[in-house]
Amino acid sequence: MIQNWRISSFNGALLACYFIPTWTIAAFRIMISPLQGVYERPNVALVLFLNDHLQLGTMSTVRYAWLMALGKLTVVAFFAVFLMFTTRASIRQSGGCDEALSMALGLGSFISFASMIMAAKVGQAAVVQLHATELLLMLGTVVLIVFEPPLLRLPAAGGRAQPARDTGFYGLSSPSS
């Protein structure tokens, strides 16, 4: 069983276990009480940036905060779909869960990077560290996905081992040599 897990899938599952509860709680706090929820550490960068640099009113700021909450819930949904796909060995072995993980990592990296830049512009050092840590976690998984070779399927009735999917070009090494 341990041989059919890729490192990137395992790392993605660990990331999902972190991001699903953390970003769900942050998004629901915005949805339940927008003015109180946006001034918590994971969300404060957007509010301070919009208030300081764009001089938006309260309702406009709340609308942007709801948009950020929707983005975070979208990332959470992709991570949940990824976890659901990883429970089936046939989907995990064929690489069918990689698309959901890639979407979650792409959107999540964008949100964390934008939040990190906004926090740096308004001088919130603790918030910069939080979003930089989240961004580095996601980018590390992206690197694993890009450079990890695919799993080999077990040979069927006396044949050679086949790659789980079409791998195309290997930039750094050739698995057949």
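Relevant structure appears above.
Source: prediction; values computed, not measured.

**Topic: a nonpolar patch on the surface**
In step 1: A surface patch of nonpolar side chains, about 560 Å² in accessible area, is lined by Leu136, Leu139, Val142, Val143, Val146 and Phe147.
In step 2: Mapping valine 146 onto the fold places it in helix α7 (residues 125-147).
In step 3: In this structure valine 146 comes out as exposed when scored by relative accessible area, which is 55%.

**Digging into the packing of aromatic side chains**
In step 1: Taken as a whole, this structure holds three aromatic pairs when the rule is applied.
In step 2: An angle of 85° between the planes, with centres 5.1 Å apart, marks the rings of phenylalanine 19 and tryptophan 23 as edge-to-face. Taken together, the residues phenylalanine 19 and tryptophan 23, both in helix α1 (residues 7-32) and four residues apart, mark about one turn of the helix. Taken as a pair, phenylalanine 19 and tryptophan 23 share a single burial class, namely buried.
In step 3: Note on phenylalanine 19: relative accessible area 0%, which makes it buried.
In step 4: Ring pairs connect the aromatic residues Tyr18, Phe19, Trp23 and Phe79, which therefore count as one cluster.
In step 5: Above the face of the tryptophan 23 ring, lysine 72 is positioned so that its terminal group lies 5.2 Å from the ring centre.

**Observations regarding the nonpolar core**
In step 1: Of all hydrophobic cores here, the largest spans 17 residues; its most connected members are Phe19, Trp23, Val75, Phe79, Phe82, Leu101 and Leu105.
In step 2: When contributions to this core are tallied by element, the ones reaching two or more residues are α1, α4 (58-86), α6 (98-122) and α7.
In step 3: Excluding its chain neighbours within four sequence positions, the residues that come into contact with leucine 101 are Ser8, Gly12, Phe79, Phe82, Thr141 and Ile145.
In step 4: Counting 16 residues, the second largest nonpolar core, distinct from the first, contains Leu46, Leu48, Ala65 and Val127.

**As for the packing of helix α3 (residues 44-53) against α4**
The relative placement of two packed helices is expressed as an angle between their axes plus a distance between the axes.
In step 1: Between α3 and α4, the least distance of the axes is 10 Å, while the angle of their chain directions is 145°. Considering only the axes of α3 and α4, their crossing is right-handed. Contact residues: Leu46, Val47, Leu50 and Asn51 in α3; Thr61, Tyr64, Ala65 and Met68 in α4.
In step 2: Across the contact of α3 with α4, the residue classes tally to six nonpolar, two polar and no charged.

**As for the side chain of serine 8**
In step 1: Assignment of secondary structure puts serine 8 in helix α1.
In step 2: A relative accessible area of 1% places serine 8 in the buried class.

**Here's the deal with the environment of methionine 118**
In step 1: Locating methionine 118 in the fold gives a position in helix α6.
In step 2: Overall, methionine 118 belongs to the buried group, its relative accessible area being 17%.
In step 3: Spatially, the C-alpha atom of methionine 118 lies 6.3 Å from that of leucine 46, the residues being 72 residues apart in sequence.
In step 4: If we ignore the near neighbours within four places in the chain, the residues touching methionine 118 are Ala45, Leu46 and Phe49.

**Topic: the environment of aspartate 98**
In step 1: Tracing the chain through its elements places aspartate 98 in helix α6.
In step 2: Overall, aspartate 98 belongs to the buried group, its relative accessible area being 7%.

**Re the packing of α3 against α6**
In step 1: Viewed as axis vectors pointing N to C, α3 and α6 meet at an angle of 55°, and their least axial separation amounts to 8 Å. On the basis of their axis angle, the class for α3 and α6 is oblique. Taken as a pair, α3 and α6 cross one another with a handedness that is left-handed. On α6, the residues that touch Ala45, Leu46, Leu48, Phe49, Asp52 and His53 of α3 are Ser115, Met118, Ala119, Lys121 and Val122.
In step 2: The class makeup of the residues in the contact of α3 with α6 is seven nonpolar, two polar and two charged.

**Focus on α4**
Every α-helix carries 3.6 residues per turn, so stepping three or four residues along brings you back to the same face.
In step 1: Given a rise of 1.5 Å per residue, 29 residues ought to cover 42 Å, and the 42 Å separating the end C-alpha atoms of α4 matches this to within 8%.
In step 2: All of the buried residues along α4 are Thr61, Val62, Ala65, Met68, Ala69, Gly71, Lys72, Val75, Val76, Phe79, Phe82 and Thr86.

About the thresholds
- Residues numbered from 1 in each chain as written.
- Predicted model: local features only at pLDDT ≥ 70, side-chain atom pairs only at ≥ 80, totals over all residues.
- Heavy atoms only, no water.
- Patch = residues over 30% accessible without salt bridge, like charges linked within 9 Å, V, L, I, M, F, W, Y side chains within 5 Å.
- Areas by Shrake-Rupley, 256 points an atom, 1.4 Å probe, with all protein chains shown as cover.
- Salt bridge = Lys/Arg side-chain N within 4 Å of Asp/Glu carboxyl O.
- Helix = DSSP H or I, 4+ residues; strand = E, 2+ residues; numbered from the N terminus.
- Buried < 20%, exposed > 50% of the residue type's maximum accessible area, 1.4 Å probe, protein only.
- Phe/Tyr/Trp six-rings, centres within 6.5 Å; stacked < 30°, edge-to-face > 60°.
- Lys NZ or Arg CZ within 6 Å of the ring centre and 35° of its normal.
- Core = buried A, V, L, I, M, F, W, Y, C linked by side-chain atoms within 4.5 Å.
- Contact = heavy atoms within 4.5 Å.
- Axes fitted to C-alpha atoms, helices over the stretch in contact; angles between N-to-C directions.
- Left-handed = near helix turned anticlockwise from the far one by under 90°.
- Nonpolar A, V, L, I, M, F, W, Y, C, P; charged D, E, K, R; others polar.
- Parallel < 35°, antiparallel > 145°, perpendicular 65-115°, else oblique.
- Expected span 1.5 Å × (residues − 1).

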